[in-house]
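# Coordinate analysis (summary)
Read off the chains here:
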Amino acid sequence: MFAAERRQLILEMVRANGAVSLRELARVVQTSEVTVRRDVRALEAEGLLDRRHGGAVLPGGFTRESGFPQKSHLATAEKTAIADLAAGLVEEGEAIVVGAGTTTQELARRLARVPGLTVVTNSLLVAQALAHANRVEVVMTGGTLRGSNYALVGSGAEQSLQGLRVSKAFLSGSGLTAERGLSTSNMLSASVDRALVQAAAEVVVLADHGKLGADTMFQTVPTDLITRLVTDEPPAHDDRAGTELQALADQGVQISVAGPSGHPAGEQPPTRGDRRRDVPLPGPRRGQVPGSAATPLRSTALAGDQTGERGAGARVADLRRR
């Protein structure tokens, strides 16, 4: 199939479905994801579609949002890896809040195995994933059901969160930038997410590399309130994601990068007593000449040792808040 034919078919699929994953596009046009990604980039340059979350969506700037059926088929492998790594941040007996989203739904499926856990959520999908977990207590907010993402929103949801205090909030969104933080396309969803943040001592953002550098209409969590970002490893050619990761790290956000199997990229799964992780961060650090020698920057992944050794290299560990 010629490039023009491939791109026309890709465009027709996106127009018909609203959003399509790179994997599905590659399967239909019978070529590699690398080739499809190149085609999508060319179509984006012409203003015919937008690249988002490991796939392609109809162009629409700040105002469009894919529904749950479309989102559930985008970046599925990346979401699984992120959820596997994020689940390791939750301890037995903790009380946490989990926001709405397909990535947080994946996290909830793994939290079903954590005994003594209390999960507060406004997501019907998160609650459903935990419904049969005998050792997990699920507390749902009130509110009005938003059918596109099966979440409870509005004043009822926000009021039910008043006076709540938990250890961590796990949130997803439509875009994440170092300049503006986490954002979403819907005002009601953004308002509830802000209420979830106010209830938590720490904020953990779950975002695949396709959301890095994307900015949408309503800010939910400013960068200075994000404790940790759990993401997947961007492709080597994804300069935007690598640059955004470095900028987030420079602002004190801890970065956890999941490999394909869900543990930190480039490492074996840590043992219970090994809490230090070095995680690759693509792209040169500011001031570093590309191709020059790099020195790892090490830091503590979880609570414990709060000392770190700062290097000038392009590899960054889980970065503790400055």
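Everything below is about the structure printed above this text.
Residues numbered from 1 in each chain as written. Predicted model: local features only at pLDDT ≥ 70, side-chain atom pairs only at ≥ 80, totals over all residues. Heavy atoms only, no water.

This next bit is on the overall build of the protein chain. Of the regular secondary structure elements, the protein chain holds 10 helices and 15 strands. Buried residues in the protein chain amount to 52% of all 322 residues. Of the contacts formed within the protein chain by residues at least 6 apart in sequence, a portion of 63% connects residues at least 24 apart. With an accessible surface of roughly 14300 Å², the protein chain has 50% of that area assigned to carbon and sulfur atoms. (Helix = DSSP H or I, 4+ residues; strand = E, 2+ residues; numbered from the N terminus. Buried < 20%, exposed > 50% of the residue type's maximum accessible area, 1.4 Å probe, protein only. Contact = heavy atoms within 4.5 Å. Areas by Shrake-Rupley, 256 points an atom, 1.4 Å probe, with all protein chains shown as cover.)

This part is about helix α2 (residues 22-29). Within α2, the full set of buried residues consists of Leu-22, Leu-25, Ala-26 and Val-29. One face of α2 carries all of its buried residues, which in axial projection span an arc of 100°. (Arc of directions from axis to C-beta.)

With that settled, consider the packing of α2 against helix α3 (residues 33-45). Running from amino to carboxyl end, α2 crosses α3 at an angle of 105°, the nearest separation of the two axes being 9 Å. When the axis of α2 is compared with that of α3, the two are roughly perpendicular. Residues Leu-22, Arg-23, Leu-25, Ala-26 and Val-29 of α2 pack against Glu-33, Val-36, Arg-37 and Val-40 of α3. (Axes fitted to C-alpha atoms, helices over the stretch in contact; angles between N-to-C directions. Parallel < 35°, antiparallel > 145°, perpendicular 65-115°, else oblique.)

So, on to the pairing of strand β15 (residues 254-258). Here β15 lies mainly inside the structure; 5 of its 5 residues are buried. Burial along β15 is two-sided: the residues Gln-254, Ser-256 and Ala-258 and Ile-255 and Val-257 are all buried. Where strand β14 (residues 228-232) lies against β15, 5 bridges are found, and the strand directions are parallel. Residue pairing for β15: Arg-228 is matched across the bridge by Gln-254. The β-α-β motif built from β14, the intervening helix α10 (residues 239-250) and the parallel element β15 has right-handed crossover chirality. (Pairing = 2+ DSSP bridges. Right-handed = clockwise from strand over helix to strand, strands pointing away.)

This part covers the side chain of Thr-121. Among the structural elements, Thr-121 can be located in strand β5 (residues 117-121). Take Thr-121: its relative accessible area is 0%, and that puts it in the buried class. Among the polar contacts made by the side chain of Thr-121, one reaches the main-chain carbonyl oxygen of Val-98 at a distance of 2.7 Å. Leave out the neighbours within four places in its chain, and Thr-121 touches Val-98, Val-126, Ala-127, Val-138, Val-139, Met-140 and Thr-141. (Polar contact = N/O pair within 3.5 Å; in protein donor to acceptor, adjacent residues only side chain to side chain.)

Glancing now at the sheet that holds β5. Sheet architecture is open: 7 strands sit in the order β6-β5-β4-β9-β12-β14-β15, paired in parallel fashion. Each edge of the sheet is formed by a strand with only one pairing partner; in this case those strands are β6 (136-140) and β15. Averaged over all pairs of adjacent strands, the angle between their axes in this sheet comes to 20°, without regard to strand direction. With 5 bridges connecting them, β5 and β6 associate as parallel partners.

A few words now on a nonpolar patch on the surface. Taken together, the side chains of Leu-124, Met-140, Leu-145 and Tyr-150 define a hydrophobic patch exposed on the protein surface, amounting to about 330 Å² of accessible area. When you line up the elements, Tyr-150 lands in the loop between β7 (144-146) and β8 (151-153). (Patch = residues over 30% accessible without salt bridge, like charges linked within 9 Å, V, L, I, M, F, W, Y side chains within 5 Å. Salt bridge = Lys/Arg side-chain N within 4 Å of Asp/Glu carboxyl O.)

The buried count for β5 comes to 4 of 5 residues, which makes it a mostly enclosed element. As paired elements, strand β4 (residues 95-98) and β5 share 4 bridges and run parallel to each other. The residue of β5 that forms the bridge with Val-97 is Val-120. With helix α7 (residues 124-130) bridging β5 and its parallel neighbour β6, the resulting β-α-β unit is right-handed.

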